[in-house]
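Commentary on secondary and tertiary structure
Residue-level listing of the chains:
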Amino acid sequence: MSTASTFTVTPISAFDDNYIWVISTPHSSLVYVVDPGDANVVIEYLQANKLTLAGILITHHHHDHTGGVSALIDHSPTQIEVFGPSNENIANISHPITEQTHVELQALGLTAAIFYLPGHTLGHIAYHIQDALFCGDTLFSGGCGRLFEGNPSQLYHSLQSLANLPSNTRVYCAHEYTLANLKFAMKVEPDNAALINYYKHCQTLRANSQATLPSNIKTELEINPFLRCHTPDVINAINLHFTQETKDVVTTLGLLRQWKDKA
């Protein structure tokens, strides 16, 4: 569990490696959840902690992020707010997000800034609440999402928009992929001391059955090769691996994603 300004964020583990994030405040039994792919684990958590679901935040249409929405609506005694991108054909959205810069989480008195992040999917969005970023499958600790629908240019600009957030921004991504991502990152930057130290830290966390998340933007700028495509070490690693010369950051990102996909 970690505290982010005026609210608390708690993970619920789902499937093999998903996290469903619960957003709560100290003086209310109302909560919002982010990307509930599994309704059962959310319902169990709500019942065990005597909480009531007020709303759902969806980042993109993949089933492991949306699969529990319908059952959660049916389970809720009162109408809940369901936020999500309007252009991804997601059922049950009551508050479609199209071009808004901010949305209000009325039940908790919180405001979420909206980031539009095409790449992993074309309509992927993120929610930035105070110092917490809920970024779905766009940015992972040590990595990023696969290019299922978008292109490298879109993903590069999406990642850069997140990289420009304040360095203390907590990164709540949707999967526990960190160790695998860092193993790949060390192939790209084997001499990156910050990366090596972070990998050891995350190994200890996982050995003790603890989440490696949230990360933060400062850490990701130091260790995540997908945010470091402008650095000589990452460019040189790409040139060596693909036996070619490239100094363009978008091309570097695209090739880095190809390398990771086959790693």
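Okay, so let's go over this structure. (Residues numbered from 1 in each chain as written. Predicted model: local features only at pLDDT ≥ 70, side-chain atom pairs only at ≥ 80, totals over all residues. Heavy atoms only, no water.)

Time to look at the overall build of the protein chain. In terms of helices and strands, the protein chain carries nine helices and 15 strands. In summary, the protein chain has a C-alpha radius of gyration of 18 Å against a globular reference of 18 Å for 263 residues, a match within 12%. By principal-axis analysis of the C-alpha atoms, the protein chain measures approximately 60 × 40 × 30 Å. With 263 residues in all, the protein chain has 55% of them scored as buried. The contacts in the protein chain between residues at least 6 apart in sequence include a share of 59% that link residues at least 24 apart. Counting only carbon and sulfur atoms, one obtains 50% of the accessible surface of the protein chain, whose full area is about 11400 Å². Distance from the positive charge centre (13 side chains) to the negative charge centre (23 side chains) of the protein chain: 11 Å. (Helix = DSSP H or I, 4+ residues; strand = E, 2+ residues; numbered from the N terminus. Rg over C-alpha atoms; globule rule 2.2 N^0.38 Å. Buried < 20%, exposed > 50% of the residue type's maximum accessible area, 1.4 Å probe, protein only. Contact = heavy atoms within 4.5 Å. Areas by Shrake-Rupley, 256 points an atom, 1.4 Å probe, with all protein chains shown as cover. Lys, Arg positive; Asp, Glu negative; His and termini not counted. Charge placed at Lys NZ, Arg CZ, Asp CG, Glu CD.)

Given two aromatic rings, one states the distance between the centres and the angle between the planes to describe the pair. Summed over all chains, the structure comprises six aromatic pairs. With 5.2 Å between their ring centres and 20° between their planes, Phe134 and Tyr172 make a pair best called stacked. Residue Phe134 is found in strand β11 (residues 132-136), and its partner Tyr172 is found in strand β14 (residues 170-173); the two are separated by 38 residues along the sequence. Tyr172 matches Phe134 in its accessibility class, with the two residues each being buried. With 6.5 Å between their ring centres and 25° between their planes, Phe184 and Phe226 make a pair best called stacked. Placement of the pair is Phe184 in helix α5 (residues 178-188) and Phe226 in the loop between α7 (217-223) and α8 (232-242), with a sequence separation of 42 residues. Owing to a relative accessible area of 3%, Phe184 belongs among the buried residues under this scheme. On the basis of relative accessible area, Phe226 is assigned to the buried category, the value being 1%. Every member of this aromatic cluster is reached through a ring pair, and the members are Tyr19, Trp21, Phe134 and Tyr172. (Phe/Tyr/Trp six-rings, centres within 6.5 Å; stacked < 30°, edge-to-face > 60°.)

Okay, the pairing of strand β2 (residues 7-14) next. Counting buried positions over the eight residues of β2 gives six, a clear majority of the element. Here β2 hands over to strand β3 (residues 18-24) after three residues, with Phe15 in that stretch at a positive phi of 55°. (Pairing = 2+ DSSP bridges.)

Right, let's talk about the pattern of salt bridges for a bit. Inspection of the entire model under this criterion finds six salt bridges. Between Asp261 and Arg146 there is a salt bridge, and its shortest N-O distance comes to 3.4 Å. With Asp261 in helix α9 (residues 249-262) and Arg146 in the loop between β13 (143-144) and α4 (152-163), the pair connects residues that are 115 residues apart, well separated along the chain. The partly exposed category is assigned to Asp261, whose relative accessible area is 31%. Of the charged contacts, one joins Arg257 and Asp261 as a salt bridge, the two residues approaching to 2.7 Å between their closest N and O atoms. Note that Arg257 and Asp261 are positioned in helix α9 at a spacing of four residues, about one turn of the helix. (Salt bridge = Lys/Arg side-chain N within 4 Å of Asp/Glu carboxyl O.)

What follows deals with helix α6 (residues 193-207). Along its 15 residues, α6 runs 21 Å from first to last C-alpha, staying within 8% of the 21 Å computed at 1.5 Å per residue. Buried within α6 are the following residues: Leu195, Tyr198, Tyr199, Cys202 and Leu205. Looking down the long axis of α6, one finds its buried residues gathered within 120° of arc, a one-sided arrangement. Along α6, the residues that are exposed and aim more than 90 degrees away from the buried face are Lys200 and Ala207. For α6, the N-terminal cap is Asn192; the gap from its side-chain oxygen to the backbone nitrogen of Ala194 is 3.1 Å. At the C-terminal side of α6, Ser209 shows a positive phi close to 60°. (Expected span 1.5 Å × (residues − 1). Arc of directions from axis to C-beta. Polar contact = N/O pair within 3.5 Å; in protein donor to acceptor, adjacent residues only side chain to side chain.)

Purely geometric numbers; function is a separate question.
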